[in-house]
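Here's the letter readout for the chains.
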2 protein chains.
Amino acid sequence: MVQAGGIAGEQLRGYIERIERLEEEKKGIAEDIKEIYAGAKAVGFDVKILRKVIAVRKMTKPTGKSKMRF
Amino acid sequence: MVQAGGIAGEQLRGYIERIERLEEEKKGIAEDIKEIYAGAKAVGFDVKILRKVIAVRKMTKPTGKSKMRF
């Protein structure tokens, strides 16, 4: 792969653009999440605690053994 | 909002589940990105450089003034 342009260049651009598109999507989702937190805060929930609850649920989920329910 | 169960509880669960769903989506996209990097590596591209290129493009994009092309 020694071409400065041509096939390898196009292939490289393809990879880069696919990654950038997905990074954009990821960013969009992160913004959606932020908005949900903002909405929850607006109705009186404590965002810090909300994050904690989600973190704890995440920790207890993978084993499938926890009976913790929130 | 003082109910331990009932309406506030359900509302809270709603927020949490929406966030968790989006977090899952975000994770899925992050895995897709990882796979693209792996694919690029498999055909001979240098992942470290690829990440660098994407970072530079990201830095030069927002202004809309850069003429840099990769």
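The structure contained in this document is the topic of the report that follows. (Residues numbered from 1 in each chain as written. Chains lettered and ligands numbered in written order. Predicted model: local features only at pLDDT ≥ 70, side-chain atom pairs only at ≥ 80, totals over all residues. Heavy atoms only, no water.)

### Quick look at the nonpolar core
What counts here: We call a set of buried residues a nonpolar core when its members are Ala, Val, Leu, Ile, Met, Phe, Trp, Tyr or Cys and they connect through side-chain atoms within 4.5 Å of each other. Categorising residues by exposure relies on relative accessible area from a 1.4 Å probe, with only protein chains included: less than 20% of the type maximum marks a residue as buried, more than 50% marks it as exposed, and the intermediate range marks it as partly exposed. The secondary structure listing takes helices from DSSP runs of H or I that are at least 4 residues long and strands from runs of E that are at least 2 residues long, numbered from the N terminus. Here, two residues are considered to be in contact whenever any of their heavy atoms come within 4.5 Å of each other.
Ranked by internal contacts, the top residues of the largest apolar core, which has 28 residues, are Ile19 and Tyr37 of chain A together with Ile19 and Tyr37 of chain B. Mapped onto this core, the elements with two or more residues apiece are helix H1 (6-42) and helix H2 (47-60) of chain A together with helix H1 (6-42) and helix H2 (47-60) of chain B. Setting aside its immediate chain neighbours within four residues, Ile19 of chain B contacts Ile33, Ile36, Tyr37, Leu50 and Ile54 of chain A.

### Some details on the pattern of salt bridges
Residue and element names in this part refer to chain B. Note the threshold: Every case where a carboxyl oxygen of Asp or Glu lies within 4 Å of a side-chain nitrogen of Lys or Arg is listed as a salt bridge.
All chains considered together, the criterion is met by 6 salt bridges over all chains. With a closest N to O distance of 3.8 Å, Glu17 and Arg13 form a salt bridge. Here Arg13 and Glu17 lie together in helix H1, a separation of 4 residues that amounts to about one turn. Given the relative accessible area of 32%, Glu17 is considered partly exposed.

### Examining the interface of chain B and chain A
Interface size, as often reported, equals the accessible area lost upon joining of the parts. What counts here: Buried area: the accessible area, evaluated with a 1.4 Å probe, that two parts lose upon being put together, summed over both parts. We call two N or O atoms a polar contact when they sit within 3.5 Å, provided that within protein one can donate a hydrogen and the other can accept it, with sequence-adjacent residues counted only if both atoms are side-chain atoms. Residue polarity follows a fixed list, in which Ala, Val, Leu, Ile, Met, Phe, Trp, Tyr, Cys and Pro are nonpolar, Asp, Glu, Lys and Arg are charged, and the others, Gly among them, are polar.
At the interface, 32 residues of chain B touch 32 residues of chain A. When the buried area of chain B at its contact with chain A is split by residue, Ile19, Ile36 and Phe45 of chain B rank highest and sum to 20% of it. On inspection of chain B and its partner chain A, the count reaches 2 salt bridges. Between Glu20 of chain A and Arg57 of chain B there is a salt bridge, and its shortest N-O distance comes to 2.5 Å. At the junction of chain B with chain A, the criterion picks out 2 residue pairs in polar contact (both at pLDDT 80 or more). The set of elements that each furnish at least two residues to the side of chain B that touches chain A consists of H1 and H2 of chain B. Its residues assigned to classes, the side of chain B that touches chain A comprises 19 nonpolar, 3 polar and 10 charged.

### Re the environment of Lys41 of chain B
If you trace the backbone, Lys41 of chain B turns up in helix H1. Taking the C-alpha atoms as reference points, Lys41 of chain B and Lys61 of chain B, separated by 20 residues in sequence, lie 25 Å from one another.

### Quick look at the packing of H1 of chain A against H1 of chain B
When two helices pack together, you describe them by how their axes are tilted relative to each other and by the distance separating the axes. Test applied: Simply put, an axis is a line fit to the C-alpha atoms, just over the touching stretch for a helix, and the angle between two N-to-C directions goes from 0 to 180 degrees. Should an angle lie under 35 degrees it is considered roughly parallel, over 145 roughly antiparallel, and from 65 to 115 roughly perpendicular; all remaining angles are considered oblique. Each crossing gets its hand from how the near helix is turned against the far one by less than a right angle, where anticlockwise is left-handed and clockwise is right-handed.
Contact geometry of H1 of chain A with H1 of chain B gives a least axis separation of 9 Å together with a crossing angle of 165°. Put simply, H1 of chain A runs roughly antiparallel to H1 of chain B. For the pair H1 of chain A and H1 of chain B, the crossing hand works out as left-handed. Residues of the contact of H1 of chain A with H1 of chain B, tallied by class, amount to 18 nonpolar, 2 polar and 10 charged.

### Focus: H1 of chain B
Cut-off, in case you're wondering: Expected helix span is given by 1.5 Å per residue-to-residue step, counting one fewer step than there are residues.
The first and last C-alpha atoms of H1 of chain B sit 53 Å apart over 37 residues, in line with the 54 Å expected at 1.5 Å per residue. Residues of H1 of chain B that are buried in the fold lie against H1 and H2 of chain A together with H2 of chain B. Of the residues flanking the end of H1 of chain B, it is Gly44 of chain B, one or two places downstream, whose phi is positive at about 110°.

### Comments concerning the packing of aromatic side chains
The following threshold applies: Stacked, tilted and edge-to-face pairs are distinguished by plane angle, under 30 degrees for stacked and over 60 for edge-to-face with tilted covering the rest, among Phe, Tyr and Trp rings (Trp via its six-membered ring) whose centres lie within 6.5 Å. In this analysis the charged atom, NZ for Lys or CZ for Arg, is taken to sit over a ring once it is within 6 Å of the ring centre and within 35 degrees of the ring normal.
Inspection of the entire model under this criterion finds 2 aromatic pairs over all chains. On the numbers, 5.8 Å between centres and 70° between planes, the contact of Phe45 of chain A with Tyr15 of chain B is edge-to-face. Here Phe45 of chain A is found in the loop between H1 and H2, whereas its partner Tyr15 of chain B is found in helix H1 on a different chain. Owing to a relative accessible area of 12%, Phe45 of chain A belongs among the buried residues under this scheme. The ring of Tyr37 of chain A carries Arg51 of chain A above its face, with NZ or CZ at 4.0 Å from the centroid.

Take it as geometry only, folks, not as evidence of what the structure does.
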